[in-house]
Amino acid sequence: MLKKNMKWIIYFLFFILLASGFVEQSSEIMQIFNSNYMSPIVMVPGSSAGENRFDYLISNLPREKNHFRHSVLKVEVDENGKMKFHGGILSIDNQPIVVVSFQNNRDGYRNINQQAKLLGKVMQSLQTKYGFTNFRALGHSNGGLIWTLAIEKYINISKMHLDCLMTIATPYNLQGSKMLNELVHNRNKIPYNTTIYSIAGAKNYSTDGLVKVDSVYSGKYIYQSQVRYFTEITLTGENTNHSDWQENRQVIGIVYNYLFNNLAKTKTFH
């Protein structure tokens, strides 16, 4: 009787081990499947702004089917490149939101270059962890400069394809022509098969209260004729002050329709 019971115990333990291996293997397969279809929306705030800069915008995005809300991962990077993670990415979310902020979030040419370099490291870390091959990007103010520099100098676009970049109130002609000249000089590093949206605010037809519209329009010297689709959008009216952009209902709608849905439908690869 004892031998018979031991036999069934052995069979039961074997079944448990087999099932555990199957579940683990299935989990790995599911992770690979999701990474092939994942296209995270990576947001970078401007100078003096932190990881909570886009909270209002994110919470007011229209809900997807079945009232699904995208997961949010926040990454804070110190000056040595050490990363702190808050939140997470759901395995079922093909368009998770990632907000990247910097401990050194100061203005100025040198700081922005350093932030762009750190952004490149963050993207490499995220790509290694999640295995995505496509991503979309949003940059507010100097966040747009950080993105452009990172794409030109610090992100391997052969491994991570940029589907779409949207910049909001980005001063491309920051502090004279040095930054702009560098961005124009390296524009050939920007992938052709992508979509760029540049949004400008015109509180009084020339500025959003901080960034001049002409500085935002200078982005055309970088992107026009370099990428497949380049669109400039100018908004006027309420909440077009430089710091109020995320509360602008038009901006929220544009972000949702053109960044999450990517109406231009650029061809991507896996």
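This section reports on the structure supplied with the text.

Reading guide: rules and limits
Residues numbered from 1 in each chain as written. Predicted model: local features only at pLDDT ≥ 70, side-chain atom pairs only at ≥ 80, totals over all residues. Heavy atoms only, no water. Buried < 20%, exposed > 50% of the residue type's maximum accessible area, 1.4 Å probe, protein only. Helix = DSSP H or I, 4+ residues; strand = E, 2+ residues; numbered from the N terminus. Pairing = 2+ DSSP bridges. 1 Å grid on protein atoms, 1.4 Å probe; cavity = no way out; pocket = protein on both sides within 12 Å on 5 of 7 lines; lining within 4 Å. Points joined across faces, edges and corners; volume = space filled by probe spheres on them. Nonpolar A, V, L, I, M, F, W, Y, C, P; charged D, E, K, R; others polar. Expected span 1.5 Å × (residues − 1). Contact = heavy atoms within 4.5 Å.

Topic: the pairing of strand β6 (residues 161–168)
Within β6, 8 of the 8 residues are buried, which leaves it mostly tucked inside the rest of the structure. With 7 bridges connecting them, strand β5 (residues 134–140) and β6 associate as parallel partners. Counted as the bridge partner of Asn-134 is His-161 from β6. When β6 meets strand β7 (residues 195–201), the two strands line up parallel, connected through 5 bridges. Its bridge partner lying in β7, Met-166 is registered against Tyr-197.

Description of empty space enclosed by the protein
For the coordinates displayed, the defined rule picks out 1 cavity of 30 Å³ or more. By volume, the largest cavity amounts to about 40 Å³. In this structure, the largest cavity is lined by Arg-53, Phe-54, Leu-57, His-140, Ile-168, Trp-245 and Gln-246. Across the lining of the largest cavity, the residue classes tally to 4 nonpolar, 2 polar and 1 charged.

Let's talk about helix α4 (residues 142–153)
A rise of 1.5 Å per residue sets the reference length of α4, with its 12 residues, at 16 Å; its end C-alpha atoms lie 16 Å apart and thus fit the reference within 8%. Burial analysis of α4 places 11 of its 12 residues in the buried class, the great majority of the element. For α4, the set of buried residues is Asn-142, Gly-143, Gly-144, Leu-145, Ile-146, Trp-147, Thr-148, Leu-149, Ala-150, Ile-151 and Glu-152.

Considerations on the environment of Ile-41
Along the chain, the position of Ile-41 falls in strand β1 (residues 41–44). As a C-alpha pair, Ile-41 and Leu-138 span 97 residues in sequence and 7.3 Å in three-dimensional space. If sequence neighbours within four positions are ignored, Ile-41 has contacts with Gln-95, Pro-96, Ile-97, Val-98, Arg-136, Leu-259 and Phe-260.

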